[in-house]
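# A structural walkthrough
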Amino acid sequence: MSGVGARMAAWRAHAYGGVGELRLESARVPPLRSADDLLVRVAAASLNPIDLAMLDGYGSRILNTLRRLEGADVEFPLVPGRDFSGVVVRAGRGARLQPGTRVWGVLPPHRPGALAEYVAVPSRWAGPAPVALDPLAAAGALYAGLTAASALRIAGLAGASALGARVLLLGLGGVGAAALQLLVRGGARVAVSCANEQAAEALELGAVAALHRGEPDYDERVAASGPFEAVLDCGGVGGWAAAEAASRWGFSRYVTLTTPLLSECDSRGLMAGSVTALGALSAQTFGAMRGALARNREGPCPPHVRWAFFMPNASDIEMLRRLADRGQFRVSVQRVFGWREAPAAFAALAEGHARGKLLLDFNN
């Protein structure tokens, strides 16, 4: 890379239409737009389900609004890739990190992503990479880890607040595995509902029970593990399932990462979509309350539903680094693809059966 006007390769889409729109193209190396920015040469990047959805236009109304609020009204070309690892090659005068630092970082969905040789990122969304994680594993850690940390905060289970809490975790994908590790580290007793082939991993990560929905005694085993301070849905079940869950098990809070907010705004517009989504949240909470009453639940605090979202957070990035270097946070990698194999990696992601992170190695 040279100076202003230098070129790089990047995977970009110029229209919505799925992975078929992705092209490996020459693009300008992004400039530093603020004193806090870093320019990072990317070593590896991970694929997340949000990347696949965005290529079909998911969330475009809200994401374009966020872009306009930041003064960057540029929807296309769209560059996917939310988390990455690499080396700082240039730093603004106010940045916390210096050139030569090995880093991991994350970019929210409204920012150009990391499937490019270079990425510009505010230093608050990056940090020194954990020494205990190799660059490939580090590239797949932050989007899931930060999403999990946000969900635990919404659930009232962040840090020491988790001590002694009983939690039912639905799903053991990237976010679920991260949430389980954070909960166990905080002292929670976590029962995990997952596929049979994930049971060993759940127990290895510290779950007190690994349960499979297909088992004939599933409901009885879940009920025996509760009552729960929270049910944490990291498996795409959604808030509408809270009513059925409350009719079978005792819990106070049902926190889900699967919400209709972005899709409602896509179909109805920002105002009408937001109102419709809030109505759905109220209806989901009412359903949970009604389900609890159906099982004659006693107590002054009926269950309610909360929605959680990915949130980039500098203190959480540093917390995850410390945990990783203590051996208390790890990333499961299913497969590593070469840099030019991005379409094949997205095809594997679309199959929906990944049991670990799918990564692109820029050095391959």
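As the structure is a computational prediction, the values presented were derived from the model and not from experiment. (Residues numbered from 1 in each chain as written. Predicted model: local features only at pLDDT ≥ 70, side-chain atom pairs only at ≥ 80, totals over all residues. Heavy atoms only, no water.)

Broken down by element type, the chain carries 12 helices and 15 strands. Computed over its C-alpha atoms, the radius of gyration of the chain comes to 21 Å, within 12% of the 21 Å expected for a compact globule of 364 residues. Viewed in the frame of its principal axes, the chain has a C-alpha envelope of about 70 × 45 × 40 Å. Relative to its 364 residues, the chain shows a buried fraction of 52%. (Helix = DSSP H or I, 4+ residues; strand = E, 2+ residues; numbered from the N terminus. Rg over C-alpha atoms; globule rule 2.2 N^0.38 Å. Buried < 20%, exposed > 50% of the residue type's maximum accessible area, 1.4 Å probe, protein only.)

At a minimum axis distance of 7 Å, the contact between helix H2 (residues 60-69) and helix H9 (residues 261-268) shows a crossing angle of 90°. Relative to H9, the element H2 lies roughly perpendicular. Contacts between H2 and H9 pair Ser60, Arg61 and Ile62 from the former with Leu261, Leu262, Cys265 and Asp266 from the latter. Within the contact of H2 with H9, the residues separate by chemical class into four nonpolar, one polar and two charged. (Axes fitted to C-alpha atoms, helices over the stretch in contact; angles between N-to-C directions. Parallel < 35°, antiparallel > 145°, perpendicular 65-115°, else oblique. Contact = heavy atoms within 4.5 Å. Nonpolar A, V, L, I, M, F, W, Y, C, P; charged D, E, K, R; others polar.)

Another point: the pattern of salt bridges. By the definition in use, this model includes 13 salt bridges. Between Arg221 and Glu215 there is a salt bridge; the shortest N-O distance is 2.9 Å. Relative accessible area serves as the criterion here: at 23%, Glu215 is assigned to the partly exposed category. With a closest N to O distance of 3.9 Å, Glu318 and Arg322 form a salt bridge. Placement of the pair is Glu318 and Arg322 together in helix H11 (residues 314-325), with a separation of four residues, close to one helical turn. Three or more residues joined by partner-sharing salt bridges are found here, namely Glu318, Arg321, Arg322 and Asp325. (Salt bridge = Lys/Arg side-chain N within 4 Å of Asp/Glu carboxyl O.)

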